[in-house]
There are 4 protein chains.
Amino acid sequence: MWGEKMTGNNFDVNYEMVSGDIIKRAEKIALILMDVDGVLTDGTLFYLPGPNGDAIEFKGFNSHDGLGLHFCHAAGIKTGVISGRDSFATTERARMLKMTYVYQGHLKKIPSYEEILQDCQLPNEAVAFIGDDFTDVPLFNRVGLACAVANARPEVKQQAHYVTAQTGGNGAVREVVEIVLKARGFWPPILKQYELIESAKIS
Amino acid sequence: MWGEKMTGNNFDVNYEMVSGDIIKRAEKIALILMDVDGVLTDGTLFYLPGPNGDAIEFKGFNSHDGLGLHFCHAAGIKTGVISGRDSFATTERARMLKMTYVYQGHLKKIPSYEEILQDCQLPNEAVAFIGDDFTDVPLFNRVGLACAVANARPEVKQQAHYVTAQTGGNGAVREVVEIVLKARGFWPPILKQYELIESAKIS
Amino acid sequence: MWGEKMTGNNFDVNYEMVSGDIIKRAEKIALILMDVDGVLTDGTLFYLPGPNGDAIEFKGFNSHDGLGLHFCHAAGIKTGVISGRDSFATTERARMLKMTYVYQGHLKKIPSYEEILQDCQLPNEAVAFIGDDFTDVPLFNRVGLACAVANARPEVKQQAHYVTAQTGGNGAVREVVEIVLKARGFWPPILKQYELIESAKIS
Amino acid sequence: MWGEKMTGNNFDVNYEMVSGDIIKRAEKIALILMDVDGVLTDGTLFYLPGPNGDAIEFKGFNSHDGLGLHFCHAAGIKTGVISGRDSFATTERARMLKMTYVYQGHLKKIPSYEEILQDCQLPNEAVAFIGDDFTDVPLFNRVGLACAVANARPEVKQQAHYVTAQTGGNGAVREVVEIVLKARGFWPPILKQYELIESAKIS
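Nothing here was measured: the structure is a model prediction, and the numbers come from that model.

Caption draft 1: Quick look at the overall build of chain A. Along chain A, the regular secondary structure elements total eight helices and nine strands. A compact globule built from 203 residues should have a C-alpha radius of gyration of about 17 Å, and chain A, at 17 Å, falls within 12% of that. With the C-alpha coordinates of chain A rotated into their principal frame, the extents come out at 55 × 40 × 30 Å. In chain A, buried positions account for 63% of the 203 residues. Sequence-distant contacts, at least 24 apart, represent 55% of the contacts inside chain A between residues at least 6 apart. Just so you have it, chain A exposes about 7,500 Å², and 51% of that area is on carbon and sulfur atoms. Looking at chain A, you have 20 positive and 25 negative side-chain charges, and the mean spots of the two groups are 3 Å apart.

Caption draft 2: Seen up close, the relation of the copies chain B and chain A. Once chain B has been moved 0.0 Å along the axis and rotated by 90°, it coincides with chain A to within an RMSD of 0.0 Å. In symmetry terms, the pair is related by a four-fold rotation axis. When C-alpha distances to the rotation axis are compared across chain B, the minimum falls at B:Pro51, with a value of 6.2 Å. The two copies present different faces, since only 6% of the interface residues in chain B are matched by interface residues at the equivalent positions in chain A.

Caption draft 3: How the structure looks around the interface of chain B and chain A. Counting from both sides, the interface comprises 48 residues of chain B and, opposite them, 44 residues of chain A. Between chain B and chain A lies a buried interface of about 3,800 Å² when both sides are counted; carbon and sulfur atoms form 61% of it. When residues of chain B are sorted by the area they lose upon contact with chain A, B:Tyr47, B:Phe134 and B:Arg153 head the list and together hold 19% of the total. Counting the contacts that link chain B with chain A gives two salt bridges. The residue A:Arg174 makes a salt bridge to B:Asp133 at a minimum N-O spacing of 2.8 Å. Every element with two or more residues in the side of chain B that touches chain A is listed here: β2 (44-49), β3 (55-58), α5 (137-140), α6 (154-159) and β9 (162-163) of chain B.

Caption draft 4: Structural view of the relation of the copies chain C and chain D. Superposition record for chain C on chain D: RMSD 0.0 Å, screw rotation 90°, translation along axis 0.0 Å. Residue by residue, only 7% of the interface of chain C is reproduced at the interface of chain D, so the copies engage with different surfaces.

Caption draft 5: Structural detail: the interface of chain C and chain D. The partner chain D presents 48 residues to the 44 residues of chain C that form the contact. Where chain C abuts chain D, roughly 3,800 Å² becomes buried across the two surfaces, and 60% of that area is made up of carbon and sulfur atoms. The tally of links between chain C and chain D comes to two salt bridges. Counting across the chain C and chain D interface gives eight residue pairs in polar contact (both at pLDDT 80 or more). Taken together, the elements giving at least two residues each to the side of chain C that touches chain D come down to β2 (44-49), β3 (55-58), β4 (60-62), α2 (63-74), α3 (88-97), α7 (172-183) and α8 (187-193) of chain C. Residue composition of the side of chain C that touches chain D, grouped by class: 21 nonpolar, 13 polar and ten charged.

Caption draft 6: Structural view of the packing of aromatic side chains. Here the structure, examined in full by the defined rule, presents 44 aromatic pairs over all chains. One aromatic cluster is present, built from ring pairs that chain together A:Phe46, A:Phe58, B:Phe46, B:Phe58, C:Phe46, C:Phe58, D:Phe46 and D:Phe58. A cation sits over an aromatic face here: C:Arg174 above D:Phe134, 5.2 Å from the ring centre.

Caption draft 7: Representation of helix α2 (residues 63-74) of chain D. Residues and elements named next belong to chain D. The terminal C-alpha atoms of α2 lie 17 Å apart, and with twelve residues this matches the ideal 16 Å at 1.5 Å per residue to within 8%. For α2, the tally of buried residues reaches nine of twelve residues, placing the bulk of the element in the interior. By the burial criterion, the buried members of α2 are Ser63, His64, Asp65, Gly66, Leu67, Gly68, Leu69, Phe71 and Cys72. A side-chain oxygen of the first residue of α2 lies 2.9 Å from the backbone nitrogen of His64; this N-cap is Asn62.

Caption draft 8: Region of interest: the environment of C:Lys192. All names here are of chain C. Mapped onto the elements, Lys192 comes out in helix α8. A residue is classified by how much of its surface remains accessible, and Lys192, at 46% relative accessible area, is partly exposed. A C-alpha to C-alpha distance of 15 Å links Lys192 and Gly68, two positions 124 residues apart in sequence. When neighbours within four sequence positions are excluded, Lys192 is seen to be in contact with Ile197 and Glu198.

Caption draft 9: A look at the pattern of salt bridges. All chains considered together, the criterion is met by 52 salt bridges over all chains. Salt bridges linked by common partners bring A:Asp133, A:Arg153, D:Arg174, D:Glu178 and D:Lys182 together as one network.

Caption draft 10: How the structure looks around the sheet that holds β9(B). All names here are of chain B. Overall, parallel pairing links the six strands, which are arranged β6-β5-β1-β7-β8-β9 in an open sheet. Edge positions in the open sheet fall to β6 (101-104) and β9, since each of these has one partner strand only. Here four bridges tie strand β1 (residues 31-34) to strand β5 (residues 78-83), and the two strands are oriented parallel to one another. Note on β5: the bridge partner recorded for Ile32 is Thr79. Contacts from helix α7 (residues 172-184) reach β1, β7 (127-131), β8 (145-148) and β9 within the one sheet, and its direction differs from that of β1 by about 165°.

Caption draft 11: Main features of the pairing of strand β7 (residues 127-131) of chain D. Residue and element names in this part refer to chain D. Most of β7 sits out of view: five of its five residues are buried. Burial along β7 is two-sided: the face carrying Val127, Phe129 and Gly131 and the face carrying Ala128 and Ile130 are both buried. Across four bridges, the pairing between strand β1 (residues 31-34) and β7 is parallel. Each bridged residue has a counterpart across the sheet, and for Leu33 the counterpart in β7 is Phe129. In the sheet, β7 pairs with strand β8 (residues 145-148) via four bridges, with the strands oriented parallel. Within the sheet, the bridge partner assigned to Ala128 lies in β8 and is Leu145.

Caption draft 12: Layout of the confidence of the model for chain A. Residues and elements named next belong to chain A. Overall, the prediction assigns chain A a mean pLDDT of 91, with 91% of residues at 70 or greater. Counted against residues more than four places away or in other chains, residues 1-11, with its pLDDT under 50, gives 39 contacts. With a pTM of 0.92, the predicted complex shows an ipTM of 0.90.

Caption draft 13: Main features of the state of the cysteines. All names here are of chain A. Throughout the structure, instances matching the rule amount to zero disulfides over all chains. For Cys147, which is in no disulfide, the shortest distance to another cysteine sulfur is to Cys72 and amounts to 12 Å. Residue class for Cys147 comes out buried when judged on its relative accessible area of 1%.

Caption draft 14: View of the arrangement of the chains. Contact between chain A and chain C is absent, and the least distance between their C-alpha atoms amounts to 12 Å. The smallest C-alpha distance separating chain B from chain D is 12 Å, and no contact links them.

Caption draft 15: Just the environment of D:Gln166, in detail. Residue and element names in this part refer to chain D. Relative to the assigned elements, Gln166 resides in the loop between β9 (162-163) and α7 (172-183). By relative accessible area, Gln166 is classed as buried at 4%. Separated by 39 residues in the primary sequence, Gln166 and Val127 have C-alpha atoms spaced 21 Å apart.

Thresholds applied
- Residues numbered from 1 in each chain as written.
- Chains lettered and ligands numbered in written order.
- Predicted model: local features only at pLDDT ≥ 70, side-chain atom pairs only at ≥ 80, totals over all residues.
- Heavy atoms only, no water.
- Helix = DSSP H or I, 4+ residues; strand = E, 2+ residues; numbered from the N terminus.
- Rg over C-alpha atoms; globule rule 2.2 N^0.38 Å.
- Buried < 20%, exposed > 50% of the residue type's maximum accessible area, 1.4 Å probe, protein only.
- Contact = heavy atoms within 4.5 Å.
- Areas by Shrake-Rupley, 256 points an atom, 1.4 Å probe, with all protein chains shown as cover.
- Lys, Arg positive; Asp, Glu negative; His and termini not counted.
- Charge placed at Lys NZ, Arg CZ, Asp CG, Glu CD.
- Least-squares fit on C-alpha atoms with pLDDT ≥ 70 in both.
- Buried area = accessible area lost by both parts, 1.4 Å probe.
- Salt bridge = Lys/Arg side-chain N within 4 Å of Asp/Glu carboxyl O.
- Polar contact = N/O pair within 3.5 Å; in protein donor to acceptor, adjacent residues only side chain to side chain.
- Nonpolar A, V, L, I, M, F, W, Y, C, P; charged D, E, K, R; others polar.
- Phe/Tyr/Trp six-rings, centres within 6.5 Å; stacked < 30°, edge-to-face > 60°.
- Lys NZ or Arg CZ within 6 Å of the ring centre and 35° of its normal.
- Expected span 1.5 Å × (residues − 1).
- Pairing = 2+ DSSP bridges.
- Axes fitted to C-alpha atoms, helices over the stretch in contact; angles between N-to-C directions.
- pLDDT = per-residue confidence, 0-100.
- Disulfide = S-S within 2.5 Å.

Structure representation (structure tokens):
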């Protein structure tokens, strides 16, 4: 099967290389929070004039991330966004994906985070956060599993427990989701549901 | 002619390297079905507010794929999409390209597939399917030629007969179309129609 | 000056490596015609619903190409597009750039080409054409300078006199424009106008 | 921590490699001016029909650049754009980011530059300019710190004091901003504000 090793713009993550420390942290995660711009998107922001002359901001989300978040919710793992920007596109994407927490418009993210902890009654160790820029670092310093995307600022990567192989808007969130689902033991039922195991391997 | 070997973001597929097994499978194909997000597009989803406050989802399709599907239809090979998402952009793209089957909005794709088989009265061996994520695998396990795009999830590539060299939204569908057209014997008339053979080679 | 050798997604063309044959062909060019999708754009097509439920197609053009076409027009070299698709975005882009010929909506491009020749009273040798797919090849077989973009189909590159180092929507048109302007002797006045020569080199 | 060295499409700038000459120039900067297309964006321009049939141009800006410009303003360094094109998207982006100067629609940029100098009463040495194409060179020949983005035309890079490692619309502006903030001594307080120093390093 030629071409099999060619993966285009998609870097295939080798989960066997994820360190034991990351797996131990991932085993405790019950809530995955994330930044939006540069994490659920590649960081590009577009502006169009709206009907009243107001600007409409829009941006691009990724379908692999979407299915990953769907897997999470089916497994009982909650998700949410904490973003410095407030935009229709984020609200809509979070609604469609049935994310539990949507906090937008605050550059200082700790108050939103504390409201969320209060609501879900989880300890810091049960929370993962995925970020890319300086405003995400105060959260990195609290959560059980701090993940920087491949396109994060260098200083942000330094503060992370885990740096994704994939970039924001191109599968970085799916990568973290899969690490958590695997560590939590939810992966084999998903593989089975989609006929990826216990189905005759085609040949 | 300098620059001739430089192919930018386009990986030139070497059809002579396609295996005999793939060619034998391609010889039987009369219908090419495909997923949309990550296959006909690069998987990026944009959202804009519509006139009633509803969200409008849009995404980017590829012109090389478009001409390839036109070649298919001219050769009597039918095409269609089976997508988990329902969107105006997909409906419009499928209509413009004159695809025969447009099934949207079902994460479980087997029922749509069975309706299509019922309608076109073709056996599994006469169908190719192009996919990128877990929801496509049950179809891979049925069709005669299962193709994963270069940006497919690693588990999905493992279940495919063929993995494209090109990524979704960047020529992956054109690549599968050309393999089928070549295996079916439709390629030389196309080359002739566009003066690529039996025309004086310019020099 | 660190970073000077790093060119990101931009491949710096070395004009000294352009062959003598290409330069001889470029010396005669008075009109540069081009395809749109995959040439003035990267081939991606987006669809949005319009006010009457009709679809609006849009796509992305490149600012470097735009300034290159402005240089052409200032030097008295005419330009135009011959595209298989008809879209508002192309009409608008051609209008803004003051291109002379805008033919859209015909997969067969020879009749449009002949109308243009009739109008401008130029011989084939005075025309360059830039294309990326099979529908462009009949024109390649007529014009004095046939250019395929880096992302053109392999068969199309084979029929071209020149293959650009840059991809469509990312400077391919600027590259052809500069080859023609240099061959025609228009380059030094442009460099002078923008203080690139006969200005003290900053250091 | 596997994956730590993988940076996806983000090239991590090594500020220790910035030359002493650039640092000396950056120490004097109190105003950062920049082109828009190809600098604050990747140079791609999209067109949609507006409600009156007029065209709406839009383009993509970068979230890392946005936070960088926010850091500048907080440190009392002014910013502005001088662009050959006039567009709603630029006006909106500049407004949101609270840039001081927004000049659009003039291919000749010197008059706008002189109006700005008149207004802010700064000498040439206190101004940085970031550009990518020929229209930016006359400004390069005046300002204290002339920066070309990685995707700038080769002739433009030759005239620059500094060439960014990152491309326009993908962090080039953030890179220049950080060089200036570091040279001016504003970096440590920013690191402290976001808990990047004097916080327990997580491990």
